[in-house]
Amino acid sequence: MSRYHEMKFRAVTSFQRRIGNPLIRRLPHQTLLETTGRSSGLPRRTPVGGRRVGNEFWLVSEYGEKSQYVRNIQADPQVRVRIRGRWHAGTAHLVPQDDPRARLRTLPRLNSAAVRAVGTNLLTVRVDLTG
């Protein structure tokens, strides 16, 4: 990762962690991804923008395997997704062979624009919903 991308990553994730995510998580219909913390074992809820297609939920991680929720998925792929206020259990899969830019065109516009603007290492994530 270049020095510019590293500085951008630190600035954006710091803002998200301290200000953005705590506020956005409180919105009643915000889509959330709940993973299990790989060190703590505690539930970790992250606001995401994605779309349900049948029994799958698709999203794009803006920092790929450097994102904390992606690292949590690698440690334990069992997740929950809150879609329109309702929780769904599922198994998350990283899909590196998918074209994340093409995938973003199928997802909600506002979030996709933000991911394209700040992302440096896009990675598609698919959650196979079971409940």
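Everything here concerns the structure above.
Predicted, not measured: the structure shown is a model, and the values here were computed from it.

Examining the environment of R45
Assignment of secondary structure puts R45 in strand 2 (residues 43-47). Under the relative-accessibility criterion, R45 is labelled partly exposed at 36%. Sequence separation between R45 and V81 is 36 residues, and the spatial gap between their C-alpha atoms is 9.1 Å. In terms of polar contacts, R45 uses its side chain to reach the side chain of E34, at 2.7 Å.

What about the nonpolar core?
Counting residues in hydrophobic clusters, the biggest one holds 15 residues, and the most contacted among them are L33, F57, I73, V81 and V127. Every element with two or more residues in this core is listed here: strand 4 (56-61), helix 2 (68-75), strand 5 (78-83) and strand 7 (123-129). Looking at this core, the element that brings in the most residues is strand 7, giving four residues. Those residues in contact with L33 that sit more than four places away from it in its chain are R44, R45, T46, V48, Y69, I73, V79, R80 and V81. The next biggest cluster of nonpolar side chains, apart from the first, holds seven residues, and it includes V60, L104, L107 and L122.

A word on the environment of N55
Following the sequence through the fold, N55 ends up in the loop between strand 3 (50-53) and strand 4. Contact partners of N55, with chain neighbours within four places excluded, come to V127, D128 and L129. A distance of 3.5 Å separates the side chain of N55 from the side chain of R52, its partner in a polar contact.

Observations concerning unusual backbone geometry
A positive phi angle, close to 50°, is found at R84, a residue other than glycine. Along the chain, the position of R84 falls in the loop between strand 5 and strand 6 (86-95). A residue is classified by how much of its surface remains accessible, and R84, at 72% relative accessible area, is exposed.

Rules of the game
The residue numbering used here restarts from 1 in each chain and proceeds along that chain's sequence as written. Predicted model: local features are reported for residues with pLDDT of at least 70 only, side-chain atom pairs are reported and counted for 80 or more only, and whole-chain, interface and lining totals are derived from all residues. Side-chain descriptors were evaluated using all non-hydrogen atoms of the structure, hydrogens and water having been removed beforehand. Secondary structure follows DSSP: runs of H or I at least 4 residues long count as helices, runs of E at least 2 residues long count as strands, and numbering of each begins at the N terminus. Per-residue accessibility, obtained with a 1.4 Å probe over protein chains only, is compared with the maximum for each type, and a residue is labelled buried under 20%, exposed over 50%, and partly exposed between these values. Contacts described as polar in this section are N or O atom pairs within 3.5 Å, which, within protein, must combine one atom able to donate a hydrogen with one able to accept it, while residues neighboring in sequence count only if both atoms come from side chains. What is meant by a nonpolar core is a set of buried Ala, Val, Leu, Ile, Met, Phe, Trp, Tyr and Cys residues, joined one to another through side-chain atoms within 4.5 Å. Two residues form a contact once any of their heavy atoms are found within 4.5 Å.

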